[in-house]
Structure formats: C-alpha cells, structure tokens
Amino acid sequence: MKDQIDSLYGLFAQRAETQADDPAFFSPESTFSYAEFLHLVDEIAAGLHQQGLGNGDRVATIAKNSISHFAGQHPSGGNRLPGKLAFGQQ
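Residues numbered from 1 in each chain as written. Predicted model: local features only at pLDDT ≥ 70, side-chain atom pairs only at ≥ 80, totals over all residues. Heavy atoms only, no water.

(A) Highlighting helix H2 (residues 34-50). Here H2 spans 24 Å end to end across 17 residues, near enough to the 24 Å set by a 1.5 Å rise per residue. Looking at H2, one finds that the buried residues are Tyr34, Phe37, Leu38, Leu40 and Val41. Buried residues of H2, viewed axially, fall in a sector of 160°; they line one side. Where H2 ends, the next residue or the one after it, Gly52, has phi of about 100°, a positive value. (Helix = DSSP H or I, 4+ residues; strand = E, 2+ residues; numbered from the N terminus. Expected span 1.5 Å × (residues − 1). Buried < 20%, exposed > 50% of the residue type's maximum accessible area, 1.4 Å probe, protein only. Arc of directions from axis to C-beta.)

Shown next, in the form of structure tokens:
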C-alpha cells in the first residue's frame, strides 16, 4: 500500500488492510468492519461500472441515511456523509 493516501477510498483500503475486523461504522441497525465496508464499496463500484459508468461520471442518489448509502457515495466520488452514523468504536 502507498505511504501517501490520496482519497477517502485509499484511507478505507489501508484500514481494511491493517484493521480489517475493527468497526468502521455503526448505526442502530448494523455495524460494518473496515473490510466489510470496503467490500460493499467495491461491489457498488462494480455494479456502476457494469451499467456503463466510469471515472468522471456523475451519479445522483436519493436514499435514506444508511451505511449502504454512504458506501454508494465512494465509487461515484461523492463526499456527503449521511446523518446519524458514527465512526470508530461504539
């Protein structure tokens, strides 16, 4: 892994490599480890790519505040955090 992290995705990839099972996000409904979250982001990115989207394309989303919605922001370059999510340990 690079020493220089150049994106939020890079930060999560580094954490998934070094702290895979540590909680990255938790909400009243669920908890995601760094590895689980990165896997979800990669699945969403693959689905968007399969639909013909690529780097530089824009995607609009309408969804309830959730970890899955936040994960969907990363492959599309989004940077908004849904409310009511907590980072780190409970």
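Moving on, there is more to tell.
(B) The arrangement of the packing of aromatic side chains in detail. The final tally for this structure, using the stated rule, is four aromatic pairs. When the centroid spacing of 6.1 Å and the interplanar angle of 40° are considered together, the rings of Phe12 and Tyr34 count as tilted. With Phe12 in helix H1 (residues 8-18) and Tyr34 in helix H2, this pair connects stretches of sequence that are 22 residues apart. With 4.9 Å between their ring centres and 50° between their planes, Phe12 and Phe37 make a pair best called tilted. Of this pair, Phe12 sits in helix H1 while Phe37 sits in helix H2, and the two are 25 residues apart along the sequence. The class of Phe12 is buried, set by a relative accessible area of 7%. Taken together, the aromatic side chains of Phe12, Phe25, Tyr34 and Phe37 make up a single cluster linked through ring pairs. (Phe/Tyr/Trp six-rings, centres within 6.5 Å; stacked < 30°, edge-to-face > 60°.)

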